[in-house]
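Take a look at the letters that make up each chain.
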Amino acid sequence: MNEIADRNLAVAPRPRASRLRQAALPVAIFAVLALMPAAAHFGASGYILALMTRTMIYGLAAMSLDLLIGCGAMISFGHAAFLGIGAYAVGILSSHGIDDVFIQLGAALAVAALFALATGAISLRTHGVYFIMITLAFGQMLYFLFTSLAAYGGDDGLSLSRSHVFGLPVLRSDLTLYYVAFAALLGVYLACRAIVASRFGRVLRGIKDNPVRMQAIGFAPYRYQLTAYVVAGMICAVAGVLLANASEFVSPAYVGWQRSGDLIFVVVLGGLGTLHGAILGAAAFTLLAEFLSGLTEYWGMIFGPILVVVVLFARGGLASLLRGTR
Amino acid sequence: MTGDALTAPVLRLTDLRKSYGALRVTDGVSLAIGPRELHAIIGPNGAGKTTLVHQISGLAASDSGRIEFYGEDITALPMDARARAGLVRSFQIVSILPGFSALENVALAVQARSGSSFRFTGDAAAEPALNDVAMTLLARFGLASRAGFTAGLLSHGEKRQLELAIAMAAAPKLLLLDEPLAGTSHEESSRVIATLKELKREVPIILVEHDMEAVFALADRVSVLVYGRIIASGTPDEVRRDPEVRSAYLGDEAAEAMT
């Protein structure tokens, strides 16, 4: 208890030791992820590698959502739309024979940015539960658009082969794909860290803390929130590009509201506003789902209560739980 | 005495109105605030003081009327644009960033007026140009030792001082203070009054306040707001003697206590 109080009081001039301690958890997470393929070598390597690749991709998507919810107080219930945009950019382009990853990525980023700008500009005129509902509506709009794309599999989705890099099929190796996802996750994590600490990020966090106070000193929340919304959408589209490559398949299910809900789930489970918590949440989510669904068909009945317990008893999510024991 | 006829007013309200349903909360308020003036607005509970402050600051839109700030029509501007223009307010219920340190609360207000905030790299909390100004202001308001404290954990009086420091960090050309003494202890309130005495030498102030002692000690001019209308406006002495004010608001007992 005392320790918590002390931590709250010593905010601005953070002592060196505590700063190191704060870095310990993210460093440990990335170290484990970097070494995972070597460890997996001794077990069911292909299966573990695929599972961990997916975990990192969801971690990436959830991290971008954490930027919105945890830092910007924008509870988007349609974030999977950007996952779908990234995935379909790969699916649609590769079905036309364009399988260069940079073209696919560029298209994904451009479409995600436009979609975020258009829907964000409207959504951010609302607040609270209305923002949740309108982002949900935009996400579902995209879901139904994808289901109606008969040329690209409609409801059933679309199989694809992995992207090429400069004409070379290097991503065909699961290990390469793993490390590409790892590099993307690390890069995005460092970028998000920088954004959160920057002038822009501080304004965003201030808006979350007290929007009226921020307006009273001259900040217009809308501009900052819309920018964050676009940035987060583009990051999530990167996760979508990776997801399409990892599963060699895209379907409207990537865009559905259940997937958006899962992402919120992951962020809350991992710890809001921590960024690395999103990775922990994604790991807990995919591994638990994998493990529990092996036990029983009704795994959701166990899974749901676990989240309730985390929210009730560990408000800061897994990230604070792990930091506390250190 | 005030001499504001010699120079243009910094703020001019013309026939400002606002209704909530059938209730006219602001009913044709016209007012001019001169430079170097501390203008107090007093009135009984429910007179519409806070609504008027919201209208002036831009937190609430006016139904009709006109607000000019240093000659510019700002009636249609949102609160953040008015703040950037130098019309800076405080709140009746303390409004700070509770999760940030006291230093960052002030540094953010400095950041708002120095350079772009669309910068995505660099540690904002470590910018000396922002922190130095913020630190000077904290020291000035007696909060130097509280710089690293989480603002939400400060005492009520300290939060009041912090809010003033934030307001001054925003480089105000007019301060709009909504009951800065609300909820403070006697000791804390004399501290705030002393601070306001200093501030009024630097910047024109509109002070909305319940505390009569403070108002008559600080104000150059006083306006009395009753049911959304200004029933009297003048020097403290004039207002004190005004028979309408006596019957409508001050009451004979209170009036006697003040003479």
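Here the residue numbers are simple positions, counted from 1 along each chain's written sequence. Going through the entries in the order they are written, you letter the chains from A and number the ligands from 1. Where totals are concerned, whole chains, interfaces and linings use all residues; where local detail is concerned, this predicted model gives features only for residues with pLDDT of at least 70, and gives and counts side-chain atom pairs only at 80 or more. Note that the side-chain values use all heavy atoms of the structure and ignore hydrogens as well as water.

K.L.:
I'm lost on the overall build of chain A in this one. Help?
P.N.:
By the criteria applied, helices consist of DSSP H or I runs no shorter than four residues and strands consist of E runs no shorter than two, each listed in order from the N terminus. For chain A, the count of helices and strands is 14 helices and two strands. Taking the principal axes of its C-alpha atoms as reference, chain A extends roughly 60 × 50 × 40 Å. Buried means the residue's accessible area, taken with a 1.4 Å probe over protein chains only, is under 20% of the maximum for its type, while exposed means over 50%, and partly exposed covers the values in between. Counting only residues that meet the buried cut, chain A has 50% of its 326 residues in that class. When checking whether two residues touch, look at their non-hydrogen atoms; a contact exists if any pair is within 4.5 Å. A separation of at least 24 residues holds for 77% of the contacts in chain A among residues at least 6 apart in sequence. Accessible surface is estimated by sampling points in the Shrake-Rupley manner with a 1.4 Å probe; for residues, cover comes only from the protein chains shown. Carbon and sulfur atoms provide 70% of the accessible area of chain A, an area that totals close to 14300 Å². The charge count includes Lys and Arg as positive and Asp and Glu as negative, but it does not include His or the ends of the chains. Where a charge lies is defined by one atom per residue type, namely NZ (Lys), CZ (Arg), CG (Asp) and CD (Glu). If the 20 positive side-chain charges of chain A are averaged to one point and the 13 negative ones to another, these points end up 18 Å apart.

K.L.:
Before we go on, may I ask you to explain the environment of Ile122(A) in this structure?
P.N.:
Residues and elements named next belong to chain A. Positionally, Ile122 belongs in helix α5 (residues 101-123). The exposure class assigned to Ile122 is partly exposed, which follows from its relative accessible area of 46%. Along the sequence, Ile122 and Ala197 sit 75 residues apart, while their C-alpha atoms lie 27 Å from each other. If sequence neighbours within four positions are ignored, Ile122 has contacts with Ile134 and Phe138.

K.L.:
How should the packing of aromatic side chains be read in this particular structure?
P.N.:
For any two aromatic rings, the description comes down to two numbers: the centre-to-centre distance and the angle of the planes. Stacked, edge-to-face and tilted are the three classes for Phe, Tyr and Trp ring pairs, Trp counted by its six-membered ring, which pair at centre distances within 6.5 Å; planes under 30 degrees apart are stacked, over 60 edge-to-face, the rest tilted. Per the stated rule, a full pass over the model turns up 20 aromatic pairs over all chains. Aromatic pair Phe30(A) and Tyr189(A): ring centres 5.3 Å apart, planes at 45°, arrangement tilted. Linking Phe30(A) in helix α2 (residues 16-40) with Tyr189(A) in helix α7 (residues 174-197), this pair joins segments that are 159 residues apart in sequence. You can call Phe30(A) buried: its relative accessible area is 8%. Accessibility expressed as a relative area gives 5% for Tyr189(A), which makes it buried. Their ring planes at 40° and their centres at 6.0 Å tell us that Phe200(A) and Tyr224(A) sit as a pair that is tilted. Here Tyr224(A) lies in helix α10 (residues 221-247) and Phe200(A) lies in helix α8 (residues 199-209), a separation of 24 residues in the sequence. Side by side, Phe200(A) and Tyr224(A) carry an identical accessibility label, which is buried. A network of ring pairs unites the aromatic residues Phe30(A), Tyr178(A), Tyr179(A), Phe182(A) and Tyr189(A) as a single cluster. Charge-over-ring placement is defined geometrically: NZ (Lys) or CZ (Arg) within 6 Å of the ring centre, and within 35 degrees of the ring normal. A cation over an aromatic ring shows up here: Arg89(B) above the ring of Phe91(B), its NZ or CZ 4.0 Å from the ring centre. When the ring centre of Phe149(B) is taken as origin, the NZ or CZ atom of Arg146(B), which lies over that ring, is 5.1 Å away.

K.L.:
Please clarify how the pattern of salt bridges should be interpreted in this entry.
P.N.:
By definition, a salt bridge exists where a carboxyl oxygen of Asp or Glu is found within 4 Å of a side-chain nitrogen of Lys or Arg. This structure, assessed with the given rule, holds 21 salt bridges over all chains. With its nearest N and O atoms 2.8 Å apart, the salt bridge here joins Glu104(B) to Arg202(A). Here Glu104(B) is found in helix α3 (residues 102-113), whereas its partner Arg202(A) is found in helix α8 on a different chain. Assigned by exposure class, Glu104(B) and Arg202(A) land together as buried. Here Asp220(B) ties to Lys200(B) by a salt bridge, and the two come within 3.5 Å at their closest N and O atoms. On the criterion of sequence distance, the pair formed by Asp220(B) in the loop between α7 (212-218) and β9 (221-226) and Lys200(B) in the loop between α6 (186-199) and β8 (205-208) is long-range, its members being 20 residues apart. Exposure remark for Lys200(B): the relative accessible area of 21% places this residue in the partly exposed category. Residues joined in a network through salt bridges with shared partners are Asp15(B), Arg17(B), Arg24(B), Asp27(B) and Arg229(B).

K.L.:
How should I be thinking about the confidence of the model for chain A in this particular structure?
P.N.:
Where the model shows low pLDDT, its predicted coordinates should not be examined in detail. Each residue carries a pLDDT value, the predictor's own confidence for that position, ranging from 0 to 100. Confidence in the prediction for chain A averages 89 pLDDT; 93% of positions are at 70 or higher. Contacts for the low-pLDDT stretch residues 1-15 of chain A, under 50 throughout, to residues beyond four places or in other chains number 19 contacts.

K.L.:
In this structure, what is going on with α6(B)? I would like to understand it.
P.N.:
Every α-helical turn comprises 3.6 residues, leaving residues that sit three or four positions apart pointing alike. Residue and element names in this part refer to chain B. Helix span is expected to be 1.5 Å times the residue number reduced by one. Along its 14 residues, α6 runs 20 Å from first to last C-alpha, staying within 8% of the 20 Å computed at 1.5 Å per residue. Three or more residues of α6 are buried, namely Ser189, Val192, Ile193, Thr195, Leu196 and Leu199. Down the axis, α6 shows its buried residues gathered within 160° of arc, on one side only. Opposite the packed face of α6, turned more than 90 degrees from it, sit the exposed residues His186 and Glu187. Here the buried face of α6 lies against α4 (128-140), α5 (156-169), β7 (174-178), β8 and α7. Starting at the helix axis, one direction is taken to each C-beta atom, and the arc is that of these directions.

K.L.:
Is there a simple way to explain the interface of chain A and chain B in this structure?
P.N.:
Accessible area lost on assembly of the parts is the figure often given for the size of an interface. Contacts between the two partners involve 30 residues from chain A, matched on the other side by 42 residues from chain B. What gets called buried area is simply the loss in accessible area from a 1.4 Å probe that two parts show on being joined, summed for both. Between chain A and chain B, the buried area comes to about 3200 Å², and carbon and sulfur atoms account for 60% of it. Of all residues in chain A, Arg199(A), Arg202(A) and Arg213(A) bury the most surface against chain B, accounting for 30% of the area lost on that side. The tally of links from chain A across to chain B stands at three salt bridges.

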